[in-house]
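# Breakdown of the fold
Spelled out from the first residue to the last, the chains are:
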Amino acid sequence: MKQTITLTVNGDEFQLAVDPRRTLLEVLREELHLTGAKKNCNEGECGACTVIMDGKAVSSCLVLAVQARGKKIETIEGLARNGKLHPLQEAFVKHGGLQCGFCTPGMIMSAKALLDKNPRPTEDEIKTAIAGNLCRCTGYVKILESIKAVVDGKG
Amino acid sequence: MIFIRRLPQFDYVAPRTLWEASSVLAERKSEAVLMAGGTDLLPKMKKREATPRYLVSLKNVPGLAYIKEDKGALKIGPMATIHDVESSPVIAGKYAILRDTSLVFASAQIRNLATVTGNLCNAAPSADMASPLIALGATLSLSGPQGGRTIPLEKFFTGPFTNSLGEGELVAEIQAPQPQPHTGGVYIKHSIRNAMDHAIVGVAVVLTLDGSDVCKDVRIALGACAPTPVRAAEAEKALKGNKLTKAAIDKAAKAAVSAAQPRSDPEYKREMVQVLTARALNQAWQIAR
């Protein structure tokens, strides 16, 4: 039986009737058409579906939409404001922090969750924050450089 | 080949109290499964390894995510996440072994969802939270339709991915006694990757000195070395009451091997138990001084 839930996604409030077996990821992608968060491993191993829920990075494939009731969700689509990219997005472009781009939304959301809490993380803290985000292209070096550029104010 | 599909159909049950949750579990028996963080259960359901008719979520029961110290004991509520352990000021002091463990647990995204209690109830032989909590002397308060009971954590596990919860029973609280002065706790997780990996071998040591270098008390627990997390009783016996020396630690580490009954790679795992037990004891000794 469908349940009615309210989600705040990127500042906008949505009322949705969802089947309890739909994950937050499926609802974001299929109901709200926010396809930035990627459905990849679908079992919490890869980080491609990372979104920020009430300030914390979570694997949205492991959250039931009904459990996200009343929560504040941030996705990659909410980062750019008035056509201007978020400093993390700018830095990933400028420093080549991506190749195929599939892991990038999750990677940036993990980095954002870190920087929101800790604007001056050490390199180790950055590595820990993105340890759950797999990238098969870059070898992570340029991703790390991109995030560090934002930390150092050289985004 | 295991396919990871969309979740199968189930009825979502969101009780408001633990008592209500336990009643639903008792009534629906094997048709119902309790969910805390969901990070183990939901992937199992996507693989159709679990197909509960009723999914009983604890998310709507208020006040279960606490970590506190009360009457000389650590108390962890059933919905406290691994991240809560990571960031808890109560844990950071005397129970730092649990904070160290939280940092080697899966990934940030999982730590924000997964609960300590769920990690124990899933009962993986490699469960990261199990051996440090056993080494701390943790007990579990269980509650069910027949009332409550308390069991030592080391008696909770009955085999790989099975526990001793009866019908309608759930873990209402994890408790651990406050460590004595001059205590050091260490968890060493041996794994291939630094994140998102299971322990090949996990060794937890909680060691108490008498103020000098004599071992007043020690508890050693091993993960991923037997069908369940286990205590290395022989190793503990070898150390208790004795002066800590390199030789004494090496002897205890050798004795720890007898507790291991690995289900895979037995020679390698036994060797690692010895190496890592010695390493963990040495580190705990330094912290305890």
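All figures in this text were calculated on a predicted structure; none of them were measured in a lab.

Attention now moves to the interface of chain B and chain A. Contact residues are listed per partner, giving 30 residues for chain B and 32 residues for chain A. Taking both sides of the interface into account, the surface hidden between chain B and chain A amounts to around 2500 Å²; carbon and sulfur atoms contribute 54%. Of all residues in chain B, Arg6, Tyr12 and Gln109 of chain B give up the largest surface area on contact with chain A, accounting jointly for 27% of the area buried on that side. Inspection of the region where chain B meets chain A yields 2 salt bridges. Here Lys47 of chain B ties to Glu43 of chain A by a salt bridge, and the two come within 3.0 Å at their closest N and O atoms. Secondary-structure elements contributing two or more residues to the side of chain B that touches chain A are α2 (41-46), β3 (54-57), α3 (82-87) and α6 (108-111) of chain B. If you tally residues by element for the side of chain B that touches chain A, the top one is α6 of chain B, at 4 residues. Residues belonging to the side of chain B that touches chain A are distributed by class as follows: 15 nonpolar, 8 polar and 7 charged.

Residue and element names in this part refer to chain B. With the rule as written, the count across this model stands at 25 salt bridges over all chains. Its salt-bridge partner being Arg53, residue Asp11 comes within 3.6 Å of it at the nearest N-O pair. Of this pair, Asp11 sits in strand β1 (residues 11-13) while Arg53 sits in the loop between α2 and β3, and the two are 42 residues apart along the sequence. The exposure class of Asp11 is partly exposed, given its relative accessible area of 32%.

Residue and element names in this part refer to chain B. Strand order in the open sheet made by the 5 strands is β4-β5-β10-β6-β7, with antiparallel pairing throughout. Every other strand in the sheet has two partners, leaving β4 (67-70) and β7 (147-152) as the edge strands with one partner each. Adjacent strand axes in the sheet meet at a mean angle of 25°, parallel and antiparallel pairs treated alike. Summarising the sheet, strand β6 (residues 139-144) and strand β10 (residues 170-177) pair through 5 bridges and their orientation is antiparallel. Residue Ser141 lies in a different strand from β10, and its bridge partner there is Glu173. Contacts between helix α1 (residues 18-28) and the sheet are confined to β6 and β10, with β10 contributing the most and set at about 125° to the helix.

This part covers the domain arrangement of chain B. Residue and element names in this part refer to chain B. Along its sequence, chain B is organised into domain 1 (11-57), domain 2 (67-177) and domain 3 (183-288). Computed over C-alpha atoms only, the centres of domain 2 and domain 3 are separated by 20 Å. In this complex, domain 2 contributes 22 residues to the contact, which on the side of domain 3 involves 22 residues. Both faces combined, the contact of domain 2 with domain 3 buries some 1900 Å², and carbon together with sulfur accounts for 63% of it.

Residues Leu98 and Leu133 of chain B are the most contacted members of the largest nonpolar core, which totals 75 residues. In this structure Leu98 of chain B touches Leu74, Ile76, Val85, Ile91, Met129, Pro132, Leu133 and Leu136 of chain B, once residues within four positions along its chain are discounted.

Here we take up helix α5 (residues 96-103) of chain B. Each α-helix turn comprises 3.6 residues. Residues three or four places apart therefore point the same way. Taken together, the buried positions of α5 of chain B are occupied by Ile97, Leu98, Thr101 and Ser102 of chain B. Along the axis of α5 of chain B, the buried residues cluster in a sector spanning 140°; they form a single face.

Taken as a whole, this structure holds 1 cavity of 30 Å³ or more when the rule is applied. Of the residues belonging to the lining of the largest cavity, the class tally is 7 nonpolar, 5 polar and no charged.

So, about the packing of aromatic side chains. All names here are of chain B. One pass over the structure, following the stated rule, counts 1 aromatic pair over all chains. Each ring, one from Phe156 and one from Phe157, has its centre 5.5 Å from the other, and the planes form 75°; the classification is edge-to-face. Considered together, Phe156 and Phe157 belong to a single accessibility category, that of buried residues. The ring centre of Tyr54 lies 5.2 Å from the NZ or CZ of Arg53, which sits over that ring.

Let's shift gears to the layout of surface pockets. Rolled over the atoms, a probe as big as a water molecule pinpoints where empty space is left. The space that makes up the second largest pocket amounts to roughly 780 Å³. Forming the walls of the second largest pocket are 25 residues, and the residues nearest its centre are Lys127 and Ala131 of chain A together with Arg193, Asn194 and Ala195 of chain B. Every element with two or more residues in the lining of the second largest pocket is listed here: α4 (123-129) and α5 (141-151) of chain A together with α5 of chain B. Tallied by class, the residues present in the lining of the second largest pocket amount to 12 nonpolar, 5 polar and 8 charged.

All names here are of chain A. An order of β2-β1-β5-β3-β4 is seen for the 5 strands of this open sheet, with the pairing classed as mixed. Each end of this open sheet is capped by a strand with a single partner; those strands are β2 (12-18) and β4 (56-59). Strand-to-strand twist in this sheet, taken as the mean axis angle between neighbours without regard to direction, amounts to 40°. Bridge analysis of strand β3 (residues 50-53) against β4 gives 4 bridges, and the strand direction is antiparallel. Bridge pairing in β4 links Met53 to Lys56. This element, helix α3 (residues 104-117), spans β3, β4 and β5 (72-74) of the sheet and lies at about 30° to β3.

Moving on: unusual backbone geometry. Residues and elements named next belong to chain A. Even without glycine at this site, His33 takes up a positive phi of about 55°. Checked against the element boundaries, His33 lands in the loop between α1 (24-31) and β3. Overall, the relative accessible area of 59% leaves His33 in the exposed class. A positive phi is found at Asn42, a non-glycine position, where the angle reads about 65°. Note on placement: Asn42 falls in the loop between α1 and β3. Looking at Asn42, the relative accessible area reads 5%, which means it is buried.

The subject of this paragraph is the domain arrangement of chain A. Residue and element names in this part refer to chain A. Considered domain by domain, chain A is made up of domain 1 (3-78) and domain 2 (87-151). Placing the centre of domain 1 and that of domain 2 at their C-alpha centroids yields a distance of 21 Å. Counting residues at the interface gives 16 residues for domain 1 and 14 residues for domain 2. Considering only the side of domain 1, the residues that lose the most area to domain 2 are Thr50, Ile52 and Ile76, jointly responsible for 38% of the buried surface there. Counting across the domain 1 and domain 2 interface gives 1 salt bridge. Of the charged contacts in the structure, one is a salt bridge between Lys112 and Glu74, with a shortest N-O distance of 2.6 Å. The interface formed by domain 1 and domain 2 includes 5 residue pairs in polar contact (both at pLDDT 80 or more). Looking at the side of domain 1 that touches domain 2, the elements with two or more residues in it are β3 and β4. Classifying every residue of the side of domain 1 that touches domain 2 gives 5 nonpolar, 6 polar and 5 charged.

Definitions and limits used
- Residues numbered from 1 in each chain as written.
- Chains lettered and ligands numbered in written order.
- Predicted model: local features only at pLDDT ≥ 70, side-chain atom pairs only at ≥ 80, totals over all residues.
- Heavy atoms only, no water.
- Contact = heavy atoms within 4.5 Å.
- Buried area = accessible area lost by both parts, 1.4 Å probe.
- Salt bridge = Lys/Arg side-chain N within 4 Å of Asp/Glu carboxyl O.
- Helix = DSSP H or I, 4+ residues; strand = E, 2+ residues; numbered from the N terminus.
- Nonpolar A, V, L, I, M, F, W, Y, C, P; charged D, E, K, R; others polar.
- Buried < 20%, exposed > 50% of the residue type's maximum accessible area, 1.4 Å probe, protein only.
- Pairing = 2+ DSSP bridges.
- Axes fitted to C-alpha atoms, helices over the stretch in contact; angles between N-to-C directions.
- Domains from an automatic or database assignment.
- Core = buried A, V, L, I, M, F, W, Y, C linked by side-chain atoms within 4.5 Å.
- Arc of directions from axis to C-beta.
- 1 Å grid on protein atoms, 1.4 Å probe; cavity = no way out; pocket = protein on both sides within 12 Å on 5 of 7 lines; lining within 4 Å.
- Points joined across faces, edges and corners; volume = space filled by probe spheres on them.
- Phe/Tyr/Trp six-rings, centres within 6.5 Å; stacked < 30°, edge-to-face > 60°.
- Lys NZ or Arg CZ within 6 Å of the ring centre and 35° of its normal.
- Polar contact = N/O pair within 3.5 Å; in protein donor to acceptor, adjacent residues only side chain to side chain.

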